[in-house]
Number of protein chains: 2
Amino acid sequence: MTISVIGSAVTKFGELWNKSLRDLAREASLMALQDANIAPTDLDAIFFANMMASNTSAQAHLGSLLASELGINVDSTRVEAACASGGLAIYRAAESILSGHYKKVLVVGAEKMTDLVADTTTTALMEAGDEEWESSFGATFAGLYALIARLYMHKYGATDRDLALVAVKNHYHASLNPNAHFRNIISVDDVIQSSLVASPLKHLDCSPVSDGAAAVVLANSAYIKNKHQVYLIGSGSATDTLSLAQRPSFTSISSAKFAAKQAFSQAKLTPHDIGIAEVHDCFTIAEILAMEDLGFYPEGQSVKALRKKETSFGGKLPINLSGGLKGCGHPVGATGVKQVVEIVKQLSGQADERQANNANIGLTHNIGGSGATAVVHILANKI
Amino acid sequence: MTISVIGSAVTKFGELWNKSLRDLAREASLMALQDANIAPTDLDAIFFANMMASNTSAQAHLGSLLASELGINVDSTRVEAACASGGLAIYRAAESILSGHYKKVLVVGAEKMTDLVADTTTTALMEAGDEEWESSFGATFAGLYALIARLYMHKYGATDRDLALVAVKNHYHASLNPNAHFRNIISVDDVIQSSLVASPLKHLDCSPVSDGAAAVVLANSAYIKNKHQVYLIGSGSATDTLSLAQRPSFTSISSAKFAAKQAFSQAKLTPHDIGIAEVHDCFTIAEILAMEDLGFYPEGQSVKALRKKETSFGGKLPINLSGGLKGCGHPVGATGVKQVVEIVKQLSGQADERQANNANIGLTHNIGGSGATAVVHILANKI
């Protein structure tokens, strides 16, 4: 049995003060259903990816919430794995079809981050880390990724100007994406001159706090044929220790390596077969680690590729054509789903101004916390 | 392919001030693994059911948390559907095996309710309801279930003394269960004389705020044979509107009816085949609705059965031999898993003082919110 993505959509990402979590989830869902040319009543199940609705909307039970909004009463599950919730929800949704339970299921990822019941967004986001061993000592994710960046720079001779290349590239890509949170082009100097958050990471090394939603409709390929059909041909999901301190290495995320290995094995492909990728650039250093963990570049070599613009629009392996988390925005529960939506739009020739040339196989890489969860999907426009 | 429960365990339920969420989850998990006679490294995946760790422990990302605690790096998912999280996690876990992805998976449900970051437990629990249409207007679950109780009493001539019979029965059963939150036997007069919470519901009509965890190991039956093996032969999951106000009927929960229909259909059984059941008695009225929604009794007739003690220990259809949510306790994420553990212990002859006679088929009924999610499982000790 194979799984197809038969519909996909994203809302605008950004500071969407006039939209609630349920507005965003409903909007993305209805657009994805329209794209799939099916009605809510055609769905067998719903998977809702969200991390922090308890903190932002005083609302749990989101599966039922969305089923109610769509006027249906199907099996509905909220999946949570911090910022990897979206990728993991797609994994579970695909499984529900592979099990034989269902034929068509909706996956929506949505996060409303600009309304907040908790003290600060940073505090709420630290629930993705280890409360006993990280957040209770005052660690933040900018701080944790700064440790990673510092060690990577020391080990491989990279500079903060190299890290900045990720932000510059992803802002450029985002300028081509009408749904992106940021549409402004920035320079390396802009990044370097932006305020320091956690040395060596500056303000423009960090992804923003965004509202937004994304949705896909998955189906058993046997039952569906439509013109935009894209196939989910491999998936992997793995974990690492919740706290960074317990890991043998900071400059590689083992969960991402495991998840990629599973996905490549299932797809019977290697990293060389991938034409485009959406990776989890919550901070600039994270994209550099992803390039190596996924096997696109040897350890310590990604920076050279960034300098040569190999991963920019028009390069040999475009990464984060959506703008990534940095440029497109990072509504955490939505991110993993948005990555798949972007790959689907690219592989089906619907990416407009940012359309990659000749891309037939794409990969998504979605991380929770500082790598405690990783989910990788591989998609293709033919099988 | 069939699914077996090859290991199961519960922690003590109650006010466990010296145990954290991770302590409880680890304890239940290790006991269930020991019961299954396997090591953490034998597991292919983890499913963690929890509703309110954001509010109680400033911690999300619980799949990775538990994987870390067990020293493994497998695919790990938190499943949330309010108080139905446990039942739904088992549903998703079974699916992961049926899909062919995995052979052995761990499901743990855990909730630490006596530590609280939010204002009150009642506020945090209202995230199971509809924030825009219920909690923002001041509704609580005691209030919502009181509306249901009031209407049921009016429609079928039941009294508050009839409702109290549920609490009396479940406290008696809990007195036989060493892991129960409450071990005290109570009378109808005790219930009636306890303080009014939301008319007609008194203090002793309500399930308590408890800490606790429960875990099961599920496996593809083809790979396993052990002496306590119990089979999961049918499951169903459905939703209803998130807010009570949108429903055509208050005296029946349609999601439970749908979920039961699916589970009975999959198991090729009828309500008459069930020997024991664990149902979601968050309030006494909820057990009465369950008895009817599951098809055990016609609408409006459950109270007669309660008066005749048909659902008491030794009766023809014992319900909530664990003590139910009322007597055993209700750590919300743990409840749906604990229900399955109880049925497994009963069907494999391990229920000690509260062992049912000749029970070969059992059912669990797990509800989220005021019925916005319902999950039903049917288990048997032979296939």
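A. Representation of the overall build of chain A. If you tally the helices and strands in chain A, you get 13 helices and eleven strands. Relative to the compact-globule value of 21 Å for 383 residues, chain A shows a C-alpha radius of gyration of 19 Å, a close match. Taken over the C-alpha atoms alone, chain A extends approximately 55 × 45 × 40 Å along its principal axes. Each of the 383 residues in chain A was classed as buried or not, and the buried ones make up 68%. Long-range contacts, defined here as pairs at least 24 residues apart, represent 77% of the contacts in chain A between residues at least 6 apart. Here chain A contributes 31 positive and 36 negative side-chain charges, whose respective centroids are spaced 7 Å apart.

B. Summary view of the pattern of salt bridges. Residues and elements named next belong to chain B. In total, this model carries 42 salt bridges over all chains according to the counting rule given. With its nearest N and O atoms 2.8 Å apart, the salt bridge here joins Arg 307 to Asp 162. Taken together, the residues Arg 307 in helix 11 (residues 302-307) and Asp 162 in helix 7 (residues 160-175) connect sequence positions 145 residues apart. According to the relative accessible area criterion, Asp 162 is buried, its value standing at 5%. Close ionic contact of Glu 299 with Lys 257 constitutes a salt bridge, the shortest N to O distance being 3.1 Å. Residue Glu 299 is located in the loop between helix 10 (284-293) and helix 11, and its partner Lys 257 is located in helix 9 (residues 254-267); the two are separated by 42 residues in the primary sequence. Overall, the relative accessible area of 36% leaves Glu 299 in the partly exposed class. What makes Lys 257 partly exposed here is its relative accessible area of 35%.

C. Region of the structure containing the interface of chain A and chain B. On the chain B side, the residues contacting the 55 residues of chain A number 55 residues. Roughly 4300 Å² of surface becomes buried between chain A and chain B when both sides are summed, with 44% attributable to carbon and sulfur atoms. Among the salt bridges present, the one from Glu 132 of chain B reaches Arg 22 of chain A, with a minimum N-O distance of 3.3 Å. Counting across the interface, chain A meets chain B through 42 residue pairs in polar contact (both at pLDDT 80 or more). Elements supplying a minimum of two residues to the side of chain A that touches chain B: helix 2 (53-57), helix 3 (62-70), strand 3 (75-80), helix 4 (85-98), strand 8 (230-239) and helix 9 (254-267) of chain A. Here the residues of the side of chain A that touches chain B sort into 22 nonpolar, 22 polar and eleven charged.

D. Expanded view of helix 4 (residues 85-98) of chain B. Residue and element names in this part refer to chain B. For helix 4, built from 14 residues, the straight-helix expectation of 20 Å at 1.5 Å per residue is met to within 8% by its first-to-last C-alpha distance of 20 Å. Burial runs high along helix 4: 13 of the 14 residues are buried. Where helix 4 terminates, the next one or two residues include Gly 100, which has phi positive at roughly 95°.

E. Here's a closer look at a nonpolar patch on the surface. Where nonpolar side chains cluster on the molecular surface, the patch consists of Tyr 172, Ile 185 and Phe 313 of chain B and spans about 280 Å² of accessible area. Looking at the element boundaries, Phe 313 of chain B is found in the loop between helix 11 and helix 12 (324-328).

F. Representation of the packing of helix 7 (residues 160-175) of chain A against helix 10 (residues 284-293) of chain A in the model. Residue and element names in this part refer to chain A. Two elements in contact, helix 7 and helix 10, have axes whose closest approach is 8 Å; the angle formed by their N-to-C orientations is 95°. If you check the angle between helix 7 and helix 10, you find them roughly perpendicular. Between helix 7, through Leu 163, Val 166, Ala 167, Lys 169 and Asn 170, and helix 10, the contact on the second element is made entirely by Thr 284, Ile 285, Glu 287 and Ile 288. Classifying every residue of the contact of helix 7 with helix 10 by side-chain character gives five nonpolar, two polar and two charged.

G. A look at the relation of the copies chain A and chain B. Placing chain A over chain B gives an RMSD of 0.0 Å and needs a rotation angle of 180°, together with 0.0 Å of translation along the axis. On the angle and the small slide along the axis, the relation comes out as a two-fold axis. By C-alpha distance to the rotation axis, the residue of chain A lying nearest is Ser 99 of chain A, at 1.8 Å. Most of the interface of chain A is mirrored in chain B, where 100% of its interface residues are also at the interface.

H. Representation of the packing of helix 6 (residues 141-156) of chain B against helix 10 of chain B within the structure. Residues and elements named next belong to chain B. Orientation of helix 6 relative to helix 10, taken along the N-to-C sense of each, is 60°, at an axis distance of 9 Å. In terms of orientation, helix 6 and helix 10 fall into the oblique class. Crossing of helix 6 over helix 10 shows left-handed handedness. Residues Tyr 145, Ile 148, Ala 149 and Tyr 152 of helix 6 pack against Ile 285, Ala 286, Ile 288, Leu 289 and Glu 292 of helix 10. Taken together, the residues of the contact of helix 6 with helix 10 break down into eight nonpolar, no polar and one charged.

I. Quick peek at the environment of Leu 363 of chain A. Residue and element names in this part refer to chain A. Tracing the sequence through the fold places Leu 363 in strand 10 (residues 361-368). Residue Leu 363 is classed as buried on the basis of its relative accessible area, which comes to 0%. Sequence separation of Leu 363 and Gly 275 is 88 residues, and the distance between their C-alpha atoms is 8.2 Å. Residues contacting Leu 363, with those up to four places away along its chain left out, are Phe 264, Ile 274, Ile 276, Ala 277, Glu 278, Leu 294, Phe 296, Ile 343, Val 376, His 377 and Ile 378.

Each value, and the rule that gives it
Residues numbered from 1 in each chain as written. Chains lettered and ligands numbered in written order. Predicted model: local features only at pLDDT ≥ 70, side-chain atom pairs only at ≥ 80, totals over all residues. Heavy atoms only, no water. Helix = DSSP H or I, 4+ residues; strand = E, 2+ residues; numbered from the N terminus. Rg over C-alpha atoms; globule rule 2.2 N^0.38 Å. Buried < 20%, exposed > 50% of the residue type's maximum accessible area, 1.4 Å probe, protein only. Contact = heavy atoms within 4.5 Å. Lys, Arg positive; Asp, Glu negative; His and termini not counted. Charge placed at Lys NZ, Arg CZ, Asp CG, Glu CD. Salt bridge = Lys/Arg side-chain N within 4 Å of Asp/Glu carboxyl O. Buried area = accessible area lost by both parts, 1.4 Å probe. Polar contact = N/O pair within 3.5 Å; in protein donor to acceptor, adjacent residues only side chain to side chain. Nonpolar A, V, L, I, M, F, W, Y, C, P; charged D, E, K, R; others polar. Expected span 1.5 Å × (residues − 1). Patch = residues over 30% accessible without salt bridge, like charges linked within 9 Å, V, L, I, M, F, W, Y side chains within 5 Å. Areas by Shrake-Rupley, 256 points an atom, 1.4 Å probe, with all protein chains shown as cover. Axes fitted to C-alpha atoms, helices over the stretch in contact; angles between N-to-C directions. Parallel < 35°, antiparallel > 145°, perpendicular 65-115°, else oblique. Least-squares fit on C-alpha atoms with pLDDT ≥ 70 in both. Left-handed = near helix turned anticlockwise from the far one by under 90°.

Fair warning: the whole summary comes from geometry, so function is off the table for now.
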